[in-house]
Amino acid sequence: MNDIYHEILQKYWGYKEFRPLQLDIITSVGSGKDTLGLMPTGGGKSLTFQVPALARLGICLVITPLIALMNDQVDNLRRLGIKACAIHSGMSRWEIDQTYENCIYGDFKFLYISPERIGTAGFLERLKDLKVGLIAVDEAHCISQWGYDFRPSYRKIAAIREFLPDVPVLALTATATPEVVEDIQVQLKFPRPNLLKRSFERPNLVYVVRKCEDKEAQMVRILKSVEGSAIVYVRSRKKTRTLADLLTRNDISAGSFHAGMAQKTKNEVQAAWKEGRLRVMVATNAFGMGIDKADVRLVLHMDAPDSLEAYFQEAGRAGRDGDKSWAVFLWSDNDRWQLEKNMDASFPELSVVRKLYNSVCNFLQIAMGFGEGVVYDFNIAAFCKGFGYDITTLISSLRILQRAGYIDFSEMSDIPSRAVMLVTDFELHEFQISNPTLEPFIKVLLRSYTGLFTDYVSVDEELLASRLGATRDEVYQAFLKCSRMGVMKYVPQRQTPLIVLLQPRIEPDRLRFPDEVYKDRLLQYKKRIDSVISYAETEYICRSRQLLAYFGERNGRDCGHCDVCVSMKKVAISDDEYGDIENAIKAQLEAGPAEPGQIVMDLGFDEEMIWKVVRRLEDTGTVYINKEGYLQLSQTEL
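What this report covers is the structure whose coordinates are included nearby. Being a predicted model, the structure only gives us computed values, none of them experimental.

Calculation rules
- Residues numbered from 1 in each chain as written.
- Predicted model: local features only at pLDDT ≥ 70, side-chain atom pairs only at ≥ 80, totals over all residues.
- Heavy atoms only, no water.
- Patch = residues over 30% accessible without salt bridge, like charges linked within 9 Å, V, L, I, M, F, W, Y side chains within 5 Å.
- Areas by Shrake-Rupley, 256 points an atom, 1.4 Å probe, with all protein chains shown as cover.
- Salt bridge = Lys/Arg side-chain N within 4 Å of Asp/Glu carboxyl O.
- Lys, Arg positive; Asp, Glu negative; His and termini not counted.
- Charge placed at Lys NZ, Arg CZ, Asp CG, Glu CD.
- Helix = DSSP H or I, 4+ residues; strand = E, 2+ residues; numbered from the N terminus.
- Axes fitted to C-alpha atoms, helices over the stretch in contact; angles between N-to-C directions.
- Parallel < 35°, antiparallel > 145°, perpendicular 65-115°, else oblique.
- Contact = heavy atoms within 4.5 Å.
- Nonpolar A, V, L, I, M, F, W, Y, C, P; charged D, E, K, R; others polar.
- Buried < 20%, exposed > 50% of the residue type's maximum accessible area, 1.4 Å probe, protein only.
- Pairing = 2+ DSSP bridges.
- Right-handed = clockwise from strand over helix to strand, strands pointing away.
- Phe/Tyr/Trp six-rings, centres within 6.5 Å; stacked < 30°, edge-to-face > 60°.
- Lys NZ or Arg CZ within 6 Å of the ring centre and 35° of its normal.
- Polar contact = N/O pair within 3.5 Å; in protein donor to acceptor, adjacent residues only side chain to side chain.
- 1 Å grid on protein atoms, 1.4 Å probe; cavity = no way out; pocket = protein on both sides within 12 Å on 5 of 7 lines; lining within 4 Å.
- Points joined across faces, edges and corners; volume = space filled by probe spheres on them.

Here we take up a negative patch on the surface. Where like charges cluster on the molecular surface, the negative patch consists of Asp576, Glu577, Asp580, Asp606, Glu607 and Glu608. Among the elements that line the negative patch, the one with the most residues is helix 24 (residues 575-589), at three residues. One can find Glu577 in helix 24.

Have a look at this one:
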């Protein structure tokens, strides 16, 4: 069977060998076993379901929350000659129905769909006619309430398994704690645990936390001392532009990227960075998903992320080629305050959420008991101005409503133009003869894209205009005219927030927010923030070891080159001093686990010497850092 997988890999992707762990996952799910694949960022997760799906009968149902990723993967598969399509909130009902028809009767191999969609009556009605051979669940940590991006809609996946009892599930994620790993398999109803994972250890990555107040000056110094391609992460869209301008003024070529930019601009700046025409990308966390650039030498965080999962994923975009690279985190006293402020902003009072739900429905003119399944363009600026909400409260409240299953919200959906022919080839030929002014536009469209007579195809008016020697507006007007004349259906590109009601509008006091949606999630959010603060402020435990412990790898080794390890190498200690400190530590821990900083204060020895002994005891397995971040004696020492 492995030969089939290698043949598929060679035929479609041109590779002779799989990356580490890919073939193990493919073989597992290919044999019909429910499988959880835990692979680091850049590990090639998509191939682990695409290859076995091509080897199996039926269509692969890919469940993912990211519209941009859906469109990218569908376009990539189509370029390889593989039939693939997606259903998302930016599509009309006619488009959705047409896509279902193609999947049922058109020999398609991949259907990408959002988790919110799978709970709808329309999907469940169509499911019985879909010949599903494999279910792939991307970003699988979203199914766990302990995950950092929990979405209740993921829980509906288990329900559709009742209709597909013999179809294996492949769940995939790049970051998950042991608690989340276990919960994913429970929620997806795996008959038995089946985890395949790679270690989170990145020996070529140098983790550094640098405490400073003047972060901008530090950023410039670091980028001038570390050569090569880089990503600078910030939390504000405005800062992407101001910092990129600052770097440019310091003779460092840089571009900016955030979710609110026009798709054309995104594509251009992303291409310039990938091709090396721009050295640095200053971006929000909207940048990086699906970006395959192996030679990133530096990832620099200017602002604190709100979870170590997010930090690890973003930092992991450095050094995918295996060469030495740096993940630098700039930290200041203000970061701790900002994280705590973000927590308050992310969880407005439920009375505010209920009021906002009512305001949104009024703004969209949705009558009580109506609105389910309809896609609404949502003008955020007009809403905030008209109803007096600030944007942070708005976005946070909409996310809570989404997690509670009342709406589907896309903050900024870049939906490319799409076209499909509504007539036969012969009828189109007759139309061209009768409409000579439109003929060149139709010809260039047909020459540039295949499949237009069977399904919607994403089209780029800018590309077609350049090939035709026309303007983008001329292409746009010609396609609109063809659409009005019934020859084709043309949906122009749009970039707008979208809202879909997943249930008919109800009175705000009837909205229910289970603990797992609000109260428990608030507690989890606080724990994750505390973990980020602990990582940034702990100065005597190897950075890599801290991250590995967070993800359940308690026997990790000191990396030897992070800022902590370099600092600790300078500390000298005699055998007698070592023995005294070791005995004191063991005596203290015999009473139970203790916070490492408390041990340092209680013992009275030199602080740096204590930490050096603690780390040697960790290396020998005598003590370890448990998942709560406390130092604990191993069982053999109790």
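One way to put it is that helix 19 (residues 461-468) packs onto helix 20 (residues 472-484) with a least axis distance of 8 Å and a crossing angle of 105 degrees. As judged from the angle between their axes, helix 19 and helix 20 are roughly perpendicular. The segment helix 19 lies against helix 20, with Glu461, Glu462, Leu464 and Ala465 engaging Arg472, Val475 and Phe479. Looking at the contact of helix 19 with helix 20 residue by residue, the classes come out as four nonpolar, no polar and three charged.

Right, let's talk about the pairing of strand 13 (residues 325-331) for a bit. In terms of residue burial, strand 13 counts as a mostly covered element, since six of its seven residues are buried. The pairing of strand 8 (residues 205-211) with strand 13 spans seven bridges and is classified as parallel. Its bridge partner lying in strand 13, Tyr207 is registered against Ala327. Judged from the four bridges that link them, strand 12 (residues 296-301) and strand 13 form a sheet pairing that is parallel. Looking at strand 13, one finds that Leu298 is bridged to Trp326. With respect to chirality, the unit in which strand 12 leads through helix 12 (residues 308-315) into the neighbouring parallel strand 13 is right-handed.

Let us now look at the packing of aromatic side chains. The tally for this structure, following the rule as stated, stands at 23 aromatic pairs. Consider the rings of Tyr550 and Phe551, whose centres lie 5.2 Å apart with planes at 85 degrees: the pair is edge-to-face. A relative accessible area of 17% places Tyr550 in the buried class. An aromatic cluster of three or more residues is present, and its members are Phe363, Phe378, Phe383, Phe387 and Tyr389. Between Lys293 and the ring centre of Trp273, over which it is positioned, the NZ or CZ distance is 5.4 Å. Geometry around Tyr456 places Arg418 over its ring, the cationic atom sitting 5.9 Å from the centre.

Before going further, it helps to spend a moment on the packing of helix 17 (residues 425-434) against helix 18 (residues 439-448). Helix 18 packs onto helix 17 with a crossing angle of 145 degrees between their chain directions and a minimal axis gap of 9 Å. Residues Leu428, Phe431 and Gln432 of helix 17 touch helix 18, and the partners they reach there are Glu439, Ile442, Lys443 and Leu446. When its residues are assigned to classes, the contact of helix 17 with helix 18 shows four nonpolar, one polar and two charged.

Structurally, the position occupied by Gln22 is in helix 2 (residues 22-30). Judged by its relative accessible area of 1%, Gln22 is buried. From its side chain, Gln22 meets the backbone oxygen of Gly44 in a polar contact 2.9 Å long.

Turning our attention to empty space enclosed by the protein. The final tally for this structure, using the stated rule, is four cavities of 30 Å³ or more. The volume enclosed by the largest cavity comes to roughly 200 Å³. Taken together, 17 residues line the largest cavity, and the ones lying closest to its centre are Asn71, Arg78, Ala86, Arg418 and Ser458. Sorting the residues of the lining of the largest cavity by element identifies helix 4 (67-79), strand 3 (84-87), helix 5 (93-105) and strand 17 (457-459) as the ones contributing at least two each.

Next up on the list: the sheet that holds strand 1 (residues 35-38). Overall, parallel pairing links the seven strands, which are arranged 3-4-2-5-6-1-7 in an open sheet. At either margin of the open sheet sits one strand with a lone partner, and together these are strand 3 and strand 7 (195-197). Direction aside, neighbouring strands of the sheet carry axes that sit 20 degrees apart on average. With four bridges joining them, strand 3 and strand 4 (residues 110-113) adopt parallel strand pairing. Bridging across to strand 4, Ala86 finds its partner in Tyr112. Its contacts with the sheet place helix 5 against strand 2 (59-63), strand 3 and strand 4, and it is angled at close to 145 degrees to strand 3.

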